[in-house]
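Coordinates in review
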Amino acid sequence: MVSQLDSLKKFSSVVADTGDIDSIQKFNPDDCTTNPSLIFKAVQSDKYKKLVDEVISNSKSRKFSQTEDQVNYIADQLTIAFGIELTKIVPGYVSTEVDSDLSFNTEATVEKAKQIINSYEQSGIPKNRILIKIAGTWEGIQAVKKLEAEGISCNCTLIFSLTQAIACAEAGAFLISPFVGRILDWFKSNTQKDYDSSNDPGVESVEKIFNYFKKFNYNTIVMAASFRNKDEIINLAGCDKLTISPTLLEELSQNDDEIKLKLSKENNQSFNITYGNARTLLDAAQTIVKITNSKSKIVDTGRNSLYPDRGTLNIDKARQLVNYKPTMSLENGLESYYGWLQNKI
């Protein structure tokens with residue numbers, strides 16, 4: 001029998017959400033995504049002791065004004081070191097994350113992204129193998145716009161709304177990562193409803209984003225992320241990419257129940273959005289990224305022309321739409337990770 005994982009690969013590009021090299025080799029994904037929490041989990045294994053010790057040893061030959069600077073340097077170099085190893089395993093992209101501490105600082109994000117790309121290139125890894133993972137905050141989207149204009153491809157992550165997703169696409173993001181599980185978590189904590197696979201708000205959010213992008217011909221790839229269970233993955237079969245933890249990849253590989261195509265450009269006729277609603281969303285997105293000429297294909301059939309205006313939303317309102325505090329959690333284990341590294345020095 002064909003496993004659910006193999007069936008899923010017929011509909012979507014499967015991505016491994018881990019820093020563990022053995023897991024990636026086991027499941028043969030197309031790409032790999034990492035973040036500090038995943039790298040922290042990996043480096044605590046004795047399997048990678050040699051790699052960790054080498055990076056820490058190399059750091060001791062450099063001068064730092066304070067321990068914090070050395071810890072930050074080691075963390076960056078470990079991320080690059082793991083990324084280099086991952087490019088030897090997956091045929092496609094490796095997503096490498098900019099520090100979440102920089103998520104509200106455009107210039108610092110751009111600078112860090114360029115440093116990451118430079119480190120990879122110095123190690124013989126071309127930039128077309130790397131996606132720079134940047135939080136989809138207001139400031140992050142500005143950074144994405146700048147980096148994409150310079151030929152650096154970005155994975156705009158922490159996506160929680162359609163407006164935010166459109167803003168990333170309008171900024172030219174190569175790929176976005178809507179967070180299915182975190183959306184579900186928020187609704188469970190803030191509403192009195194019961195949720196299951198039939199009404200999962202995280203799945204519904206990705207469906208809307210995917211259908212909107214296909215309807216209006218955005219090239220930005222939609223990669224659903226942050227899954228809480230296998231059903232969320234199955235219900236998004238057909239999404240461009242799905243980044244999945246080793247635990248859920250294992251579950252899929254051990255199950256042979258049928259998987260059906262759920263999302264496709266051809267089968268999104270049920271997605272219905274009026275011109276007025278589409279224009280309102282575009283107004284907000286364009287205001288967020290300060291774009292005056294739209295790349296979207298929203299057509300006003302009454303005027304038979306593209307809608308190029310930025311709309312009337314003010315900048316503060318647009319910023320609020322993106323930096324959505326209830327769900328914009330940037331915590332990813334940095335404090336624990338940096339503390340662990342400091343004890344290793």
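To keep things clear, this report deals only with the structure shown in the data block. This is a predicted model, so every value here is computed, not measured. (Residues numbered from 1 in each chain as written. Predicted model: local features only at pLDDT ≥ 70, side-chain atom pairs only at ≥ 80, totals over all residues. Heavy atoms only, no water.)

Attention now moves to helix 4 (residues 49-59). The set of residues buried in helix 4 consists of Leu51, Val52, Val55, Ile56 and Ser59. Considered in projection along helix 4, the buried side chains sweep an arc of 125° and stay on one side of the axis. (Buried < 20%, exposed > 50% of the residue type's maximum accessible area, 1.4 Å probe, protein only. Helix = DSSP H or I, 4+ residues; strand = E, 2+ residues; numbered from the N terminus. Arc of directions from axis to C-beta.)

Along strand 1 (residues 13-17), five of the five residues are buried, which leaves the element largely enclosed by surrounding structure. The sheet contact formed by strand 1 and strand 8 (residues 241-244) spans four bridges and is parallel. From the neighbouring strand, valine 15 faces strand 8, where its bridge partner is threonine 243. Pairing geometry for strand 1 and strand 2 (residues 31-33), over three bridges, is parallel. Within strand 2, the position partnered with alanine 16 by the bridge is cysteine 32. Once you follow strand 1 into helix 2 (residues 21-27) and on to strand 2, the crossover reads as right-handed. (Pairing = 2+ DSSP bridges. Right-handed = clockwise from strand over helix to strand, strands pointing away.)

Tallied over the full model, the rule gives nine aromatic pairs. Judged by centre distance (6.1 Å) and plane angle (80°), the rings of phenylalanine 160 and phenylalanine 179 are edge-to-face. Linking phenylalanine 160 in the loop between strand 5 (154-159) and helix 8 (162-170) with phenylalanine 179 in the loop between strand 6 (175-178) and helix 9 (180-190), this pair joins segments that are 19 residues apart in sequence. In this structure phenylalanine 179 comes out as buried when scored by relative accessible area, which is 12%. (Phe/Tyr/Trp six-rings, centres within 6.5 Å; stacked < 30°, edge-to-face > 60°.)

Unusually for a residue other than glycine, leucine 158 sits at a positive phi of about 60°. On the secondary structure map, leucine 158 appears in strand 5. Residue classification places leucine 158 among the buried positions, given a relative accessible area of 8%. Although it is not a glycine, asparagine 217 adopts a positive phi angle of roughly 60°. Here asparagine 217 is to be found in the loop between helix 10 (201-215) and strand 7 (221-224).

For the rest of this paragraph, the subject is the sheet that holds strand 2. Pairing in this closed barrel of eight strands is parallel, and the strands run 1-2-3-4-5-6-7-8 around the ring. The sheet shows a mean angle of 30° between the axes of neighbouring strands, taken without regard to direction. The pairing of strand 2 with strand 3 (residues 94-97) spans two bridges and is parallel. What sits directly across from cysteine 32, in strand 3, is valine 94. (Axes fitted to C-alpha atoms, helices over the stretch in contact; angles between N-to-C directions.)

Our next topic: the nonpolar core. Ranked by internal contacts, the top residues of the largest apolar core, which has 79 residues, are Ile176, Phe213 and Ile244. Per-element tally for this core: the top contributor is helix 5 (residues 67-87), with seven residues. In this structure phenylalanine 213 touches Ala165, Ile166, Ala169, Ile176, Tyr218, Thr220 and Val222, once residues within four positions along its chain are discounted. Grouped together as the second largest cluster of nonpolar side chains are six residues, Ala135, Phe160, Phe179 and Ala225 included. (Core = buried A, V, L, I, M, F, W, Y, C linked by side-chain atoms within 4.5 Å. Contact = heavy atoms within 4.5 Å.)

The next subject is the pattern of salt bridges. Tallied over the full model, the rule gives 12 salt bridges. Across the pair arginine 228 and aspartate 185 runs a salt bridge, and its minimum N-O distance is 2.6 Å. You can see arginine 228 sitting in the loop between strand 7 and helix 11 (230-234) and its partner aspartate 185 sitting in helix 9, a full 43 residues away along the chain. The exposure class of arginine 228 is partly exposed, given its relative accessible area of 41%. (Salt bridge = Lys/Arg side-chain N within 4 Å of Asp/Glu carboxyl O.)

Another aspect to go through is the side chain of lysine 133. Mapped onto the secondary structure, lysine 133 falls in strand 4 (residues 130-135). Classification of lysine 133 by relative accessible area gives buried; the value is 7%. Discounting residues that sit within four places of it in the chain, lysine 133 has contacts with Thr33, Thr34, Asn35, Ser95, Thr96, Glu97, Val98, Asn155 and Thr157.

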